[in-house]
Structure formats: structure tokens, C-alpha cells
Amino acid sequence: MSAELILGKDVSEEIYAELRQRIEALKAAGTLPGLAVVLVGDDPASHVYVRKKGEMCESLGMRSKTIIMPESTTQSELLSVIADLNADPEIHGFLVQLPLPPHIDEKAVINAVAPEKDVDCFHPYNVGRMLAGDPGFLPATPAGVQQMLVRSGVETAGKHVVVVGRSNIVGKPMAAMMMQKGPGADSTVTVVHSRTANLPEITRQADILVVAIGKPRFVTADMVKDGAVVIDVGTNRIDDPTHPKGSRLVGDVDFDAVKEKASRITPVPGGVGPMTICMLMANTVRAAERSAGVSQ
Ligand code: L34
């Protein structure tokens, strides 16, 4: 039997309907939520994601600013743009799209973003609050995954969640969020990664398998338990001469085989990607509400 799809478009539409009401309320009270996105360099995938973020802002009627800087940008030039955004009262949240060119120190950039405008939730202050379970921003991709589970009625309490991958952006915060107390969490969490011994043995124990390891079709059907819920965070562009563009997007999961074993599965594209953008918008609305004094 083929798994039921969990679609980012469907889940995000529900959330956007709620966000639109909050944006209207903010506007009526004199605050227009504003998001800025900074992109350094020519990475084609980053350009696609950044364009989508700007378009979504506009479709929600929020203020949107996209700052594109050349690959040759120095770290101090980038830090100066960040300082300006930190001080700009019209910008409630902003982010610097990753990856950055190799001559720029990613940590220095992340640390320079004012925590109250850090809608990526990458600053150590916000990471610490998230880990402690305090109110505030949640990182967009893990929060998007959690919303997909909650809003499609997947029980998480007491379930074994296996996270494949240990990045600061997805794996680590995903594990922290799923082990938290409360709705959409309360799970038993295992994290596996490139150095894990007997990885398939562990993934086969997952009730919910979240895959963010950045390797095309890494998870095969033999690594998945019958009836598991499989969330594919990967976005890998692979060569495909049969496609008009010569390439296509695949996840970290061998979708065609795994969908025959899973009870539910997210596709790529159309799964987690749109949720990342949605949760970024949610964090921006939250930042604007906080600056207007209507939220924690
Ligand atoms: N600072 N850097 C920062 N914040 C982020 O939140 C990100 N990320 C990740 C990469 N670097 C970042 C994103 O924006 C990944 N990511 C992201 C955002 C959107 C999509 C994928 C990744 C997305 O919309 N994916 C579409 C397909 C897009 C396409 O056609 O290429 C999907 O349906 O999966």
C-alpha cells in the first residue's frame, strides 16, 4: 500500500490563513511587519529560496527587502549591512542566507544578528532559549516539520523519533524540539549521523523518521519500518538528462521505494521546503507583534 502524502502546500495554507489575520491586526494597530533577507554570492539554489521568501512576504502584504551582495563581499562589509538592519525600525526580522562564501566566518555573522530580529533562530541566545523550552522563535525547518506532524494528526507523544543528521540548522534543533514537553513533542529521540554504527538498525526502529543528512536518496526501503511516518528534509539537485533543465530535485529518501512501506511521507519538492518559508513568515509576524508589544 502506498503512503499518504503530507504536503507542505496544504499545511502551510492553513498557517498562512492564521498569519494573514495577525498581519491585518498588526497593520490596523500601525505596524507593518517587515522581513529582510541578505544573500551573498551566486549559489543558484540560494537565489531560488531567497526569491521565494520575498514573494511570500509580498503575497502576505508584509514589507520585504532583499539585499543581494557579490561573492567578493568582505566580512566587514556584511557585518556593516547587519548593523544597519539591526538598527532599522521598519525591519522586524532578517536573516543572512546560508551557505556563505568560504572567506566569511559564518559564526561571526550569526552572532552579529540582534536576537530580537533573528527570525532564523540561529543566534546562540535563541538556540539556548529554544533548548530550555522558553517562549520565542523556533528554527524554521524543524518548526515546519513539527507543524506537518501536528496538523496532519500524527501522534508524537511516546513515539520513537529518529533524526538522521546532526546539523545546527536541522538535526540538532529537531531533536531538541521533539524531546520537549508538550503537544507535537514528548517523543523519545535518537539522532544518527555519518559516524553512527549500524545506522539502518536504528532507523528501522523509528515510528517517525526525519531525514536531513544532505545525501540524495540515502534512506532506502530496507531502512524503514512498516507503517513509519517519513519526513524528508533533503533538497538535492541531481543531473537528469530526461528533464527539461537537465537536472531535478530529489530528497534524502528514496521516495518511490519508501512510499510503499511508510504510512505517510513528505515529497520533495512540495514537502518540507514550503514549510521552512512558512515558519520564517510566522517568526517575522511574531517579531513584529513583539515589537508592537502584543506578544512575548
Ligand atoms: N539563513 N539559510 C538561512 N535560513 C534558511 O532558512 C535557510 N534555508 C536552508 C538553506 N539555507 C538557509 C532555506 O531557506 C534551506 N532552505 C530552503 C527554503 C525553501 C525551499 C528549500 C530550502 C523550498 O522552497 N523548496 C521547494 C523547491 C524549490 C526549488 O524548486 O528549488 C520545495 O518544494 O521543496
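Predicted model, so just to flag it, every value in this text is computed and none were measured. (Residues numbered from 1 in each chain as written. Predicted model: local features only at pLDDT ≥ 70, side-chain atom pairs only at ≥ 80, totals over all residues. Heavy atoms only, no water.)

### Things to note about the packing of helix H1 (residues 8-28) against helix H10 (residues 272-291)
Let me state the cut-off plainly: Between N-to-C directions, angles cover 0 to 180 degrees, with each direction set by a line fitted to C-alpha atoms, over the stretch in contact for helices. Helix and strand labels come from DSSP, where a helix needs a run of H or I of at least four residues and a strand needs a run of E of at least two; each type is numbered from the N terminus. Angular relationships are summarised with four words: roughly parallel below 35 degrees, roughly antiparallel beyond 145, roughly perpendicular across 65 to 115, and oblique for the angles in between. What makes a crossing left-handed is the near helix being turned counterclockwise from the far one by less than a right angle; a clockwise turn instead makes it right-handed. Should any heavy atoms of two residues lie within 4.5 Å, those residues are counted as being in contact. We call Asp, Glu, Lys and Arg charged. Ala, Val, Leu, Ile, Met, Phe, Trp, Tyr, Cys and Pro are nonpolar, and the rest, Gly among them, are polar.
Running from N to C, H1 and H10 point in directions that differ by 15 degrees, and their axes come no closer than 10 Å. Between H1 and H10, the angle is such that the two are roughly parallel. Our pair here, H1 against H10, has a crossing hand that is left-handed. Contact residues: H1 offers Gly8, Val11, Ser12, Ile15, Tyr16, Leu19, Arg22, Ile23 and Leu26, while H10 offers Pro274, Met275, Ile277, Cys278, Met279, Met281, Ala282, Val285, Arg286, Ala288 and Glu289. Within the contact of H1 with H10, the residues separate by chemical class into 15 nonpolar, 2 polar and 3 charged.

### So, a positive patch on the surface
Selection rule: Each patch is built from residues that are more than 30% exposed by relative accessible area and take part in no salt bridge. Like charges join if they lie within 9 Å; nonpolar side chains (Val, Leu, Ile, Met, Phe, Trp, Tyr) join within 5 Å. Accessible surface is estimated by sampling points in the Shrake-Rupley manner with a 1.4 Å probe; for residues, cover comes only from the protein chains shown. For this document, the term salt bridge refers to a Lys or Arg side-chain nitrogen within 4 Å of an Asp or Glu carboxyl oxygen. Charged-residue counts in this description rest on Lys and Arg as positive and Asp and Glu as negative, His and the chain ends being excluded. Each charge is placed at NZ for Lys, CZ for Arg, CG for Asp and CD for Glu. Three labels apply to residues, based on accessible area from a 1.4 Å probe with only protein chains included: buried if under 20% of the type maximum, exposed if over 50%, partly exposed otherwise in between.
A contiguous patch of positive charge on the surface is contributed by Lys107, Arg166, Lys172 and Arg195. Checked against the element boundaries, Lys107 lands in helix H4 (residues 106-112). Judged by its relative accessible area of 55%, Lys107 is exposed.

### Brief notes about the pairing of strand E5 (residues 160-164)
Consecutive residues of a regular strand have side chains that alternate between opposite faces of the sheet. We apply this condition: A pair of strands is labelled paired if DSSP reports no fewer than 2 bridges between them.
Most of E5 sits inside the fold, with 5 of its 5 residues counted as buried. Here E5 shows no split at all, with His160, Val162 and Val164 on one side and Val161 and Val163 on the other all buried. Across 5 bridges, E5 lies against strand E6 (residues 188-192) in parallel orientation. Looking across to E6, one finds that Val164 is bridged to Val192. For E5 and strand E7 (residues 208-211), the ladder comprises 4 bridges, and the chain directions are parallel.

### Here we look at the site of the ligand
In plain terms, the rule: A single heavy atom is enough: if one lies within 4 Å of a molecule or strand, its residue is considered near that molecule or strand. Here a polar contact is taken to be a pair of N or O atoms separated by no more than 3.5 Å, where protein atoms must pair a possible hydrogen donor with a possible acceptor and residues adjacent in sequence count only if both atoms sit in side chains. Put simply, the grid is 1 Å and covers the protein atoms alone, a cavity is a trapped set of points that fit a 1.4 Å probe, a pocket is an open set with protein on both sides within 12 Å along at least five of seven lines, and lining residues have an atom within 4 Å of a point. To decide whether a molecule occupies a pocket or cavity, check its atoms: if more than half lie within 2 Å of the grid points, it is inside.
Neighbouring the ligand are 18 residues; Lys53, Val96, Leu98, Asp120 and Gly270 lie closest to it. A distance of 3.2 Å separates a nitrogen atom of the ligand from a polar side-chain atom of Gln97. Leu98 is positioned such that a nitrogen or oxygen atom in its backbone is 2.9 Å from a nitrogen atom of the ligand. Most atoms of the ligand, that is more than half of them, are within 2 Å of grid points of the largest pocket.

### Details of helix H6 (residues 140-151)
Helical periodicity: at 3.6 residues per turn, an α-helix aligns residues three or four positions apart in one direction. Heads up, the rule is: For a helix, the expected span equals 1.5 Å multiplied by the number of residues minus one.
With 12 residues, H6 extends 16 Å between its outermost C-alpha atoms, agreeing within 8% with the 16 Å of an ideal straight helix rising 1.5 Å per residue. Most of H6 sits inside the fold, with 9 of its 12 residues counted as buried. Residues of H6 that are buried: Ala140, Thr141, Pro142, Ala143, Gly144, Val145, Gln146, Met148 and Leu149. Elements that come into contact with the buried residues of H6 comprise H1, helix H7 (171-179), E7, strand E8 (229-232) and H10. Positive phi appears at Gly153, one or two residues downstream of H6, with a value of about 75 degrees.

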